[in-house]
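Coordinate analysis (summary)
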Amino acid sequence: MKKSIVRAVLMLGAALAVLPALSIAAQAPAAPAAGAPGLRYEIWVELDPAGQMLAGKEEIVWTNPTKDTVPDMLLHLYWNAFKNEASAFMREAAAETMFGGSAAPEDEGWGWVDVTDIRLADGTDLKPAFQFVTPDGPDHPDDQTVARVLFPVPVRPGESVHLRIEFRSKVPRTVARSGYYRNSFFIGQWFPKPGVYEEGKGWNCHAYHQNSEFFADFADFTVHITVPRGYVVGSSGKAVDTRTDESAGTATTTFRQSMVHDFAWMTDPRYLRIERDFVADREVTPQEYKETADLLGLPPDEVRLPDVKMILLIAPEHRSQIERHFNALRAALKYYGLWYGPYPYETVTMVDPPFRTGSGGMEYPTLFTAGTQVLTSRDVQSPEMVIIHEFGHGYWYGLAANNEFEAAWLDEGFNTYSTTRVMAKAFGPGAFGFRFNGLPLDWFVRVPKVFDYETNRVAAINTVRYDPVTAWSWEFYNRGSYGANVYMRAATVLSTLENLLGEPVWSRIMRTYHMRYRFRHPTEADFAGVVNEIAGKDMTWFFDELLEETRAFDYGVAALTSVEVPVQVRGVFDRNGAREEWTEKKIEDLEAAEAKAPDEGRGKALYRTTVVLRRFGEARLAGDAQVEVLIRFKDGTTETRTWDGRDRWTRLVIVSPVEAESAQVDPRGIWLIDENLANNSRSADGLRRNVVKLMTQLLFTVQNILHFFGSWS
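These notes cover the structure that comes with them. Predicted, not measured: the structure shown is a model, and the values here were computed from it. (Residues numbered from 1 in each chain as written. Predicted model: local features only at pLDDT ≥ 70, side-chain atom pairs only at ≥ 80, totals over all residues. Heavy atoms only, no water.)

**Description of the sheet that holds strand 22 (residues 367-369)**
Across the sheet, 5 strands lie side by side as 18-19-20-22-21; this open sheet has mixed pairing. Two strands close off the open sheet at either side, each with one partner strand: strand 18 (272-278) and strand 21 (363-364). Sheet topology note: the strand 19 (residues 308-314)/strand 20 (residues 347-351) ladder contains 5 bridges and is parallel. What sits directly across from Ile311, in strand 20, is Thr349. (Pairing = 2+ DSSP bridges. Helix = DSSP H or I, 4+ residues; strand = E, 2+ residues; numbered from the N terminus.)

**Looking at the pairing of strand 20**
Burial within strand 20 is extensive, with 5 of its 5 residues counted as buried. For the crossover that starts at strand 19, traverses helix 4 (residues 322-340) and ends in the parallel strand 20, the hand is left-handed. Looking at chain direction, strand 20 and strand 22 are connected through 3 bridges and run parallel. The residue bridging Val351 from the neighbouring strand is Thr369, located in strand 22. (Buried < 20%, exposed > 50% of the residue type's maximum accessible area, 1.4 Å probe, protein only. Right-handed = clockwise from strand over helix to strand, strands pointing away.)

**Digging into the packing of aromatic side chains**
Counted according to the given criterion, the structure contains 50 aromatic pairs. With 5.3 Å between their ring centres and 85° between their planes, Tyr181 and Phe355 make a pair best called edge-to-face. Here Tyr181 is found in strand 8 (residues 179-181), whereas its partner Phe355 is found in the loop between strand 20 and strand 21, with 174 residues between them in sequence. Residue classification places Tyr181 among the buried residues on the basis of a relative accessible area of 14%. (Phe/Tyr/Trp six-rings, centres within 6.5 Å; stacked < 30°, edge-to-face > 60°.)

**A closer look at the pattern of salt bridges**
Overall, the coordinates contain 31 salt bridges when judged by the stated rule. Of the charged contacts in the structure, one is a salt bridge between Arg273 and Glu275, with a shortest N-O distance of 2.6 Å. Residue Glu275 is classed as partly exposed on the basis of its relative accessible area, which comes to 38%. Notably, a salt bridge pairs Arg276 with Glu323, separated by 2.9 Å at the nearest N-O pair. Remark: Glu323 occurs in helix 4 and Arg276 occurs in strand 18; sequence separation between them is 47 residues. (Salt bridge = Lys/Arg side-chain N within 4 Å of Asp/Glu carboxyl O.)

Have a look at this one:
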């Protein structure tokens, strides 16, 4: 999962700039403003590059938003996943069937986080009641990525608890999403972080699993980051102050950001830092605003976009790609903003991931990492695709903040779908990247271009039988099934739903869902509710069949015949009060007479066309959904019929004066999730166009090797 996550933290405020090493005097965060979230952080962190260590202090104020009385708190300690081979993460990596082997670092490259002190603001020591727990069951008893702290007095509804935590962390030598290489550091999931308290259920705080990502409450952050003087720092949030300590040789930058649920940062002494402005009135024309407002049925003022400060941190060897980075980010800000809602923060920071830190292609609120190479190609849309995709996570995981442990597709699938749309709109189809020893072979060989939705479909149809899309992230068959299902299959299902409902309805569904659940934690039921509401019909069956189950969707043409209707058939017939037998000889005489008759007196031939349709897969339609069948005749005319698709097969009979040429299921390509396009059409001579099947298999191979496994994010 190339979603090496990037969450940045910050350090040592103005009053602490004169303190040596890490004698950090933590102070209570300021009171929240009206309407602020019920969680506030202030964190002081200092990096020791030589020892690859972080030392930090953290203040957390949590207000109980429920009607429950809460006796404790569960905290994520994510870096303990990299502490030893007994963690859930490492054991799952070692058991991986698709990629093989363990992700464990070499000796002396382990990472960890130690909570050295935890107490209430009044000084009450909570460390004696601090213990590691395994909320996901006994499978990994030695995992230490979740800890429980018991309060001396339970927190009643509406009350707040104020914690002061001191911690020390060893930066891992690159396992997943965080790490260091020489003097480059990418720091994500680095601070003790509460889970999400769910009323009537308790703390939702899963262990750090190999496939899983994250889930946290929205909060206000103030983070003070101290690094050696001369190091470039990029972070979530907006920098509001920088102070240097000449005697210690350090610089401390303070970052602030409201209404985000995570924080990440990076630092490197070599990096270039470039700022540009996204000026909405230069990027979006009045006509585009009008078209968007009309499509969504909104007043023009509601679709206008704000200006945003764009910040790029990039390695010097990639400086030639600066404009490509900014062009891609402008496209992402524009189209995500127009389609789903305006970007709500003042800044967005994109990071060219530090070399060998395991942080490429990862997203955090207001900060993400891209991914590129020194030698690039114009036809291979990288880094553009990664930039657009990782920025887009700021909308789905960042704003409509689903639980990525339990419903990863609500982020990954939505964002893969959205990335496909933005890439098609802004850049068109792209080529696969072929490289040999770092040299792009597409410089010398022309590579076919495809749209992302095509490769998404190929991955989707080849993994449907492994797992439901909605499985919890660590319960998939392997990482291949996880990636193909929650990314590509989910995206293909969404594209199918778009085709089925039509662009106007679908556009309003997506906008309504995103804006309604901004700064909240939506579920699959919430999205399905918006679909049913805006579409005006119950689409529950669609989610049940195509997401919850492992049933292949496959409708096709089983047989097609088109034969001339005989002038007369053999047998005994009662007509006009008389009984007459038609023998083979009499029929031959009648046909001979017909043949000799002048054209104007000859009866017109009729043809009986029989089309047999089959539901080859187990998934089936419901509600008012229909599968279309297009019959083409030899004179160029066509006829469209529909079938509800619920039975295993049906037979259509059409009598017409023209012989049929072919029949095709789903001629408009609505059902992108259809497993086998090779059986969708058949000619009257019984032949299928097997080239379609062969191309599908070829695309699947290319997709998995060159696109899917190489760029999960």
